[in-house]
Amino acid sequence: MTDLNNRRLDAAAFDAERGEVLQGWATGAGVCFADALRVQEALPVEKRFAVALAEADAQGHTLLQPRAGVALVREHVALLNGLSPYCDVLPTTIDAYTRHNRYAEAQEGIDRSRAAGTSLLNGFPAVNHGVEGCRRLVEALEKPVQVRHGTPDARLLAEITLAAGFSSFEGGGISYNIPYAKHVPLERSIRHWQYCDRLVGRFEEAGISINREPFGPLTGTLVPPFVSHVVAILEGLLALEQGVKCITLGYGQAGNVAQDIAALRSLRRLANHYFLNAGFTDYRLTTVFHQWMGGFPEDESQATAVICLGALVARQARATKIIVKTPHEASGVPTLEANQAGLKATRQMVNMISDQNRVDSPDIQMEIDVIEAEVHAVMREILRLGGGDVARGAVLAFAAGVMDVPFAPAKANLGKLTPVRDNHGAIRLFDVGNVPLPADVLAFHRDKIAERARAERRDPSFNMVVDDVRAISASKLVGRPA
Amino acid sequence: MSGDSQGYKVVLGVIGADCHAVGNRILTSVLTQGGIEVVNLGVMVSQDEFIDCARAEQAGAILVSSIYGHGELDCQDFRARCEERGLGDIVLYVGGNLVIGKQEFAAVEAQFRDMGFDRVFRPTVDLAEVIALLKSDIDQRRPAGLRNSRALPAERLSA
Ligand code: B12
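Each chain has its residues counted from 1, following the order in which its sequence is written. Chain letters start at A and ligand numbers start at 1, both assigned in the order the entries are written. Residues qualify for local features only when their pLDDT is at least 70, as the model is predicted, and side-chain atom pairs are given and counted only at 80 or more; totals for whole chains, interfaces and linings, by contrast, use all residues. Water and hydrogen atoms play no part in the side-chain values, which are based on all heavy atoms of the structure.

- Naming follows an unreviewed UniProt entry, where chain B appears as Glutamate mutase sigma subunit of Tabrizicola oligotrophica.
- UniProt positions are given in the numbering used here, feature names are shortened, and annotations may be inferred rather than shown by experiment. Among the UniProt annotations of chain B, the heading Cofactor (unreviewed entry) holds the following wording: "adenosylcob(III)alamin".
- Check the Catalytic activity (unreviewed entry) section of the UniProt entry for chain B; it says "(2S,3S)-3-methyl-L-aspartate = L-glutamate".

- Chain A appears in an unreviewed UniProt entry as Glutamate mutase epsilon subunit from Tabrizicola oligotrophica.
- In the Catalytic activity (unreviewed entry) part of its UniProt record, chain A is described as follows: "(2S,3S)-3-methyl-L-aspartate = L-glutamate".
- Of the comments in the UniProt record for chain A, the one headed Function (unreviewed entry) reads "Catalyzes the carbon skeleton rearrangement of L-glutamate to L-threo-3-methylaspartate ((2S,3S)-3-methylaspartate)."

Structure (structure tokens):
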């Protein structure tokens, strides 16, 4: 780890780097920061993401946001305008070639989509469409729009989309590497995301608030809450250091209601604790809840039930925003109609929970206590490893397995930590790997798993984990033996 | 289920820029328990990486996953590429969420069969069935004299 540290990027170095970044693809030449500021300043208030979040937070509302992205600008505009009446804020989901900076392949996807008359890409290739194409898109919409992706090096994507009037940018140096990449060193992706955060910081300094949202769910598959909370806190700290002010931290539904409510409630508290401790006071924090991010049931009615459970928990825990799934989830990129169906089901559930009293229970409190103990233990070790520097600490922690994300493809992740559900479907640790959790917490996990093993009359094993991975697709929460 | 995995060696991976790693882990675990030796290349594997590995390992089959929807673009000419590289009659399977959007499986199957894949699987396929098919397909491609002699070291199979 040569020179990575958690310090604000120096202005001259940033400008020099920007020159290189903009040469990454021909459309980079269309970026001009002065023009970008003008475009952002001209955005009407109803198209500013930070405003929508602040209002929702103040009024206790929960915003709904779908995922959507197709290859061509005109079709993408039509798709978003078809979704707009059913949601509060809009997405633009970026295709997977662009996420890996493979713009030549994205171009082939665009060309072949045009020829085929249907999108052959799994998202919107914003870099290839350039500032001009993206600006046409933003202008044709009536709500705030966010870039949603999974890009380890998103510098050019950020430059182009923010110059075009997108007012929120998802991702982070850890959450867009570990679940999304194979060979990218963590120090490199963190450094590249410092650039994205610094760019947002420059907009903030010019009076334009751009929302930043670290990607909460990671691999979406049996991720223990403390794992995603630690990543969220680290990416929040890294963003604040670069001048980001408007941060939305995320969490992906795990399935057990008490654990999920506890996770969302603890997230805000823990983040404020670490942000304030690091000396940051001038920031606005909101939360986002992702409906179940693992494998869905293929049947559309069953999928709708999964969507509704997520909506219930998100609203009960007062998430600022929900990322909504669709009844097509298990099959493929959803049609406009399927996407509307997911939003409508979510809206109905959110409305019905909104007036209800806050649910509290000893179970929820216990889960909060466990999550907090876990997060503090891991954060303590990360800070120790980094000598107080979270950027260095994060890299060293992943290398040592002190931080470990289940089922992640990245070489930068050790992959020893293995989760499994307990008898009530909450996520526990079957193998803690090298994560330094306190002895009493480990004993708690062991007891919970033993309880399930007794109920199923089998020993805990990797087969139990495999059964859990496939359980929700097979209409259950816990993967019981046949 | 256990078997002599030496006789059934396959190369497994997720093609293109696809990062979906969970199904790959499950496939590795289930196939291995089903008596198949899996050389797992993980996610984001190019056509040439599959082919290089299948040659080096003298594998009986290549199992391609595509989950993220670009299967149609990434799998183009896969069989032709195998032929070019001297692997003309290797068993080729493909499975996952192969195309963009929810589409009729029969059409998807036909499309990938046209590209030269021997079998095409939907995400909900029963993996026990896959294991049985794989063993019989590999057996049938083997030189007649060597069929069913599973204990043979891999090098001799292609001799
Ligand atoms: C978890 C998940 C993610 C996680 C992945 C984490 C990780 N690194 O693994 C995250 C959040 C990171 C993610 C990201 C993306 N995802 Co995703 N993801 C899923 C989800 C919800 C579950 C996938 C999963 O793990 N399933 C569980 C495993 C066990 O099942 P499986 O993967 O299907 O594999 C089994 C079978 O398919 C079969 N199989 C697979 N290959 C083969 C091969 C052979 C030969 C055989 C016999 C069988 C076989 O056996 C496997 C084991 O049982 C699916 C939707 C769903 N299925 O519910 C979407 C889904 C696969 N994702 C999708 C997409 C598009 C993406 C993104 C491109 C973002 C986007 N545009 O929406 C990015 C990927 C970027 C990239 N570079 O690849 C789409 C694909 C759309 C399509 N084909 O039309 C899906 C279907 C969602 C949707 N409806 O839009 N995703």
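## Notes on the coordination of the cobalt atom of the ligand
No. 1: Think of the donor list as every N, O and S atom within 2.8 Å of the metal, or within 3.2 Å for Na, K and Ca; water never makes the list, so a site can look incomplete. No protein donor other than His20 of chain B (NE2) coordinates the cobalt atom of the ligand, and that contact is at 2.2 Å.
No. 2: Each helix is a run of DSSP H or I of at least 4 residues and each strand a run of E of at least 2, with the numbering of both proceeding from the N terminus. Topologically, His20 of chain B is positioned in the loop between strand S1 (9-14) and helix H1 (22-33).

## Topic: the sheet that holds strand S5 (residues 119-121) of chain B
Residues and elements named next belong to chain B.
No. 1: When DSSP finds two or more bridges between a pair of strands, those strands are recorded as paired. Within the open sheet, the five strands sit side by side as S2-S1-S3-S4-S5. Their pairing is parallel. Only two strands of the sheet have a single partner each, and these edge strands are strand S2 (37-40) and S5. Averaged over all neighbouring strand pairs, the angle between strand axes comes to 20°, with direction disregarded.
No. 2: As judged from the six bridges shared by strand S3 (residues 61-66) and strand S4 (residues 91-96), these two strands associate in the parallel manner. Following the sheet pairing, Ser66 is matched in S4 by Gly96. Axis lines are fitted through C-alpha atoms, for helices just across the contact stretch, and the angle between N-to-C directions can take any value from 0 to 180 degrees.

## A closer look at the UniProt feature "binding site: L-glutamate" (unreviewed entry) in chain A
Residue and element names in this part refer to chain A.
No. 1: Taken from the UniProt record, the annotation "binding site: L-glutamate" (unreviewed entry) applies to Arg67, Arg99, Arg148, His149, Glu170, Tyr176 and Tyr180.
No. 2: For His149, the position within the fold is in the loop between strand S3 (145-148) and helix H8 (155-163).
No. 3: In this scheme, a residue with accessible area under 20% of its type's maximum is buried, one over 50% is exposed, and one in between is partly exposed, where area comes from a 1.4 Å probe on protein chains only. Take His149: its relative accessible area is 1%, and that puts it in the buried class.
No. 4: Residue contacts are defined here by distance: any two heavy atoms, one from each residue, within 4.5 Å place the two residues in contact. Setting aside residues up to four positions removed in sequence, His149 forms contacts with Ile94, Arg99, Ala154, Leu157, Phe169, Glu170, Tyr176, Tyr180 and Trp193.
No. 5: Any N or O atom pair separated by 3.5 Å or less is treated as a polar contact, with the protein-specific requirement of one donor-capable and one acceptor-capable atom, and with residues adjacent in sequence counted only for side-chain atom pairs. Here Thr151 takes part through its side chain, which lies 2.7 Å from a polar atom of the side chain of His149.
No. 6: Among the structural elements, Tyr176 can be located in the loop between strand S4 (168-170) and helix H9 (186-205).
No. 7: In this view, Tyr176 contacts Arg148, His149, Gly150, Thr151, Pro152, Glu170, Gly171, Trp193 and Phe215; residues no more than four positions away in its chain are not counted.
No. 8: Engagement of the side chain of Tyr176 in a polar contact is seen with the side chain of Glu170, the distance being 2.4 Å.

## Section: the pattern of salt bridges
Residue and element names in this part refer to chain A.
No. 1: Salt bridge criterion: a side-chain nitrogen from Lys or Arg within 4 Å of a carboxyl oxygen from Asp or Glu. On inspection of all chains with the given rule, the structure shows 38 salt bridges over all chains.
No. 2: Among the salt bridges present, the one from Lys245 reaches Asp282, with a minimum N-O distance of 3.4 Å. Highlighted residues: Lys245 in the loop between helix H10 (225-241) and strand S6 (246-252) and Asp282 in the loop between helix H11 (257-277) and strand S7 (284-290), separated in sequence by 37 residues.
No. 3: For Lys245, a relative accessible area of 25% translates into the label partly exposed.
No. 4: With its nearest N and O atoms 2.9 Å apart, the salt bridge here joins Glu456 to Arg458.
No. 5: Here the salt bridges share partners, and the residues they tie into one network are Arg452, Glu456, Arg458, Asp467, Asp468 and Arg480.

## Here we look at the domain arrangement of chain A
All names here are of chain A.
No. 1: According to the domain assignment, chain A contains domain 1 (11-354) and domain 2 (417-482).
No. 2: If you average the C-alpha positions of domain 1 and of domain 2, the two centres end up 31 Å apart.
No. 3: Every contact between the two is made by 16 residues of domain 1 and, on the other side, 18 residues of domain 2.
No. 4: What gets called buried area is simply the loss in accessible area from a 1.4 Å probe that two parts show on being joined, summed for both. Across the domain 1/domain 2 interface, buried area totals approximately 1300 Å², and carbon plus sulfur atoms make up 69% of it.
No. 5: Here domain 1 is connected to domain 2 by zero salt bridges.
No. 6: Our count for the contact surface shared by domain 1 and domain 2 stands at five residue pairs in polar contact (both at pLDDT 80 or more). Each domain's limits were defined by an automated method or a database of domain assignments.

## Some words on the interface of chain B and chain A
No. 1: Listed by partner, the interface residues are 28 residues for chain B and 31 residues for chain A.
No. 2: Between chain B and chain A, the buried area comes to about 2600 Å², and carbon and sulfur atoms account for 56% of it.
No. 3: Among the residues chain B hides against chain A, the three largest losses belong to Arg25, Leu73 and Lys102 of chain B. Together they make up 23% of the total.
No. 4: On the surface where chain B and chain A come into contact, there are one salt bridge.
No. 5: Across the pair Glu300 of chain A and Lys102 of chain B runs a salt bridge, and its minimum N-O distance is 2.5 Å.
No. 6: Run the count over chain B and chain A and you get ten residue pairs in polar contact (both at pLDDT 80 or more).
No. 7: Looking at the side of chain B that touches chain A, the elements that each hand over two or more residues are H1 and helix H3 (71-74) of chain B.
No. 8: Here the element with the most residues in the side of chain B that touches chain A is H1 of chain B; it accounts for six residues.
No. 9: Polar here means any residue other than Ala, Val, Leu, Ile, Met, Phe, Trp, Tyr, Cys and Pro, which are nonpolar, and Asp, Glu, Lys and Arg, which are charged; Gly is therefore polar. The residue inventory of the side of chain B that touches chain A, partitioned by class, reads 14 nonpolar, ten polar and four charged.

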